[in-house]
Structures are given as structure tokens and as C-alpha cells.
Amino acid sequence: MNNLNSDIVFNCKNNINYLQFKSLLKYNNDIVHAIGYNNDYAIKENITNKQNYLNFCNELGIDYRKLFNIKQIHCDKYIFANLNTENNQEYDASITNIKNVPLLVKTADCMGILVYDYKNKYISAIHAGWKGVLNRITQKTINDMIYKYNCDSKSLVICVSPCICYNCFEVDKDVKDMFDNVFDMKYYLTEKGNNKYLIDLKSIVIDDMLSLGIIKDNITFSGYCTKCSEKGFYSYRKDNTEKRMSSIIMLK
Ligand SMILES: [Zn+2]
């Protein structure tokens, strides 16, 4: 698995900041992808600085009007998106094999997970916060990519946006107990005392991916924490912000 900063390309053009993964840039002829991190996608009022967001989409060569947006509710359901699938339905992931359908997930501490099957030309965008990890949204979505849509686990390339790190994701006993019911937490937990625990969401998600036969070297985490890195990523835990980073992937 890669998580070195050298796996990431940071772009800053005309006040538009976004990062891209080298492992997906290899397929730039077939897909476009980016994690926008100052594009002011605020979840409650939808897009607050629309011009900034339009510029971001233009920069990527994406038609803003075609963005496929889901109303993320921390569930375990994905939707297959085609050209006229209704926007803003309650799902936490989307899959498509149709060109020019840009899949979008919004995050501020949660994982924005972009998936590409370079052999079968399928893509997915997954929103996984701690509830999504608990609900195994990533595993369920990728499982269906493989067993329902005939993707090949060996040709899946997966990249994960900046998200909250192990040291920053502190929870109380109630949340820890929920994880205990689903996972063997001796591998993923640090007890801090005073009923506080740290949970290693990243390792849980990686193990879920590996259990589906995904090649470890095809999984890349950004290596940046939204809360404790100095990059200025939006972090709900740090700032209580309504702003969201935008993880986008589209088949050309
Ligand atoms: Zn951190």
C-alpha cells in the first residue's frame, strides 16, 4: 500500500486547489479525478461559492450540471448512476460505467474513496465516515462492483482522500462498543483511559478491501489528516465546518 506524499500531486491554479493521485493519473486518457479542497462545497446550503466550484469543474473538464450528487446519510447503500438518474437521493456511494457521469462525494474528516477498474472501465465514489465504516459501505459497494457488475478485483485502483487519522479519531465507549460488535478490535483500537479510545478506521477499511482480493499496492491513502495536517483541509472535528472537500471521478 502506498501512502507517501510522493503519490500525490497538488495543483493550485487561479485560487483553485485540488490534489490528484499518481496511481489514477496513469489512466488520464480514460478518467478524470480530483479531490478539491478549497472549493467551498458547503453541505447545508449546497454550493455557497458557486463560481469557485464552477471554476474547479471547468479546470477538470467536467460539466458542472452533470455532477452526480448523493445525499449522504451514513448508510450502507450505493446507487448505479446513469445519465438521467435523479440527483440528491439518499445513498453513500455511486457506481457507473457510463461516460461523462461525474460521481461526487463530499467529506470533512470522512473518507472520500475513488475506485477505478481499468480493465472493465467502471468507477465508484464512496463516502465513508465512521458510521459508513461500521456499516461497511466500502466493502458492500466494491463487493457488488466485483460480483454484480463483473469488475475484476485485481484491476481495481483505489484512492482515498485526506481524512481523519488514527491519532485524531477519539471516541467514547458507546462508539467503541459498536465497533466491537462488528470487528475484532484488538487490531484497530488504542485505549487512552478515561473511557476514551482511538480507532484505526484506515486499517479497518484496508482489511475490508483486501478481503475482496484487491491488490495492496493498488490502494493509496493520501497520507494527510484533515484535522492535524497543516494543509488547511476542511475538518468537521476541528472547525465544526459546513464546508466539504469534493472527491470526483468521471469516465471520459
Ligand atoms: Zn490527525
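All values derive from a computational prediction rather than experimental measurement. (Residues numbered from 1 in each chain as written. Predicted model: local features only at pLDDT ≥ 70, side-chain atom pairs only at ≥ 80, totals over all residues.)

Our focus in this paragraph is the overall build of the protein chain. Helix and strand counts for the protein chain stand at seven helices and 16 strands. Computed over C-alpha atoms, the radius of gyration of the protein chain comes to 17 Å, within 12% of the 18 Å expected from 2.2 N^0.38 for 252 residues, which places it in the range of a compact globule. The proportion of buried residues among the 252 residues of the protein chain is 42%. Put simply, of all contacts in the protein chain between residues at least 6 apart along the chain, 63% involve residues at least 24 apart. (Helix = DSSP H or I, 4+ residues; strand = E, 2+ residues; numbered from the N terminus. Rg over C-alpha atoms; globule rule 2.2 N^0.38 Å. Buried ≥ 20, exposed ≤ 12 C-beta atoms within 10 Å, placed from the backbone. Contact = placed C-beta atoms within 7 Å.)

This part takes up the pairing of strand 14 (residues 196–199). Residues of strand 14 alternate between two faces, with Tyr 197 and Ile 199 buried on one and Lys 196 and Leu 198 left unburied on the opposite face. Across four bridges, strand 13 (residues 189–193) lies against strand 14 in antiparallel orientation. For Thr 190, the partnering residue across the bridge sits in strand 14 and is Leu 198. (Pairing = 2+ DSSP bridges.)

Strand order in the open sheet made by the six strands is 5-7-10-9-11-15, with mixed pairing throughout. The sheet is open, and its two edges are formed by strand 5 (78–80) and strand 15 (219–221), each paired on a single side. Going across the sheet, the axis of each strand differs from the next one's by a mean of 15°, ignoring polarity. Strand direction decides the pairing type here: strand 9 (residues 111–117) and strand 11 (residues 156–160), joined by five bridges, are antiparallel. Residue pairing for strand 11: Leu 114 is matched across the bridge by Cys 159. Contacts from helix 6 (residues 201–210) reach strand 9, strand 10 (122–128), strand 11 and strand 15, with the element oriented near 165° to strand 15. (Axes fitted to C-alpha atoms, helices over the stretch in contact; angles between N-to-C directions.)

Turning next to the environment of Glu 170. Mapping Glu 170 onto the fold places it in strand 12 (residues 170–172). Considered as a pair, Glu 170 and Asp 200 are 30 residues apart in the sequence and their alpha carbons are 9.7 Å apart. Once residues lying within four places of it in the same chain are set aside, the contact partners of Glu 170 are Lys 192, Lys 196 and Leu 198.

So, about the sheet that holds strand 12. Ordered by their spatial adjacency, three strands build an open sheet running 12-14-13, and the pairing between neighbours is antiparallel. On the outer flanks of this sheet lie strand 12 and strand 13, each paired with one strand and no other. Ignoring strand direction, the axes of neighbouring strands in this sheet form an average angle of 35°. In terms of strand pairing, strand 12 meets strand 14 through three bridges, oriented antiparallel. The partner of Asp 172 across the bridge, within strand 14, is Lys 196. Docked against the sheet, helix 5 (residues 173–180) engages strand 12, strand 13 and strand 14, running at close to 95° with respect to strand 12.

Turning to the nonpolar core, a few remarks are in order. Formed by 71 residues in total, the largest nonpolar core has its most connected members in Leu 103, Val 115, Ile 158 and Ile 249. For Val 115, the residues in contact, after removing those within four places along its chain, are Ile 123, Ser 124, Ile 126, Ile 142, Met 145, Leu 156 and Ile 158. (Core = buried A, V, L, I, M, F, W, Y, C linked by C-beta atoms within 7 Å.)

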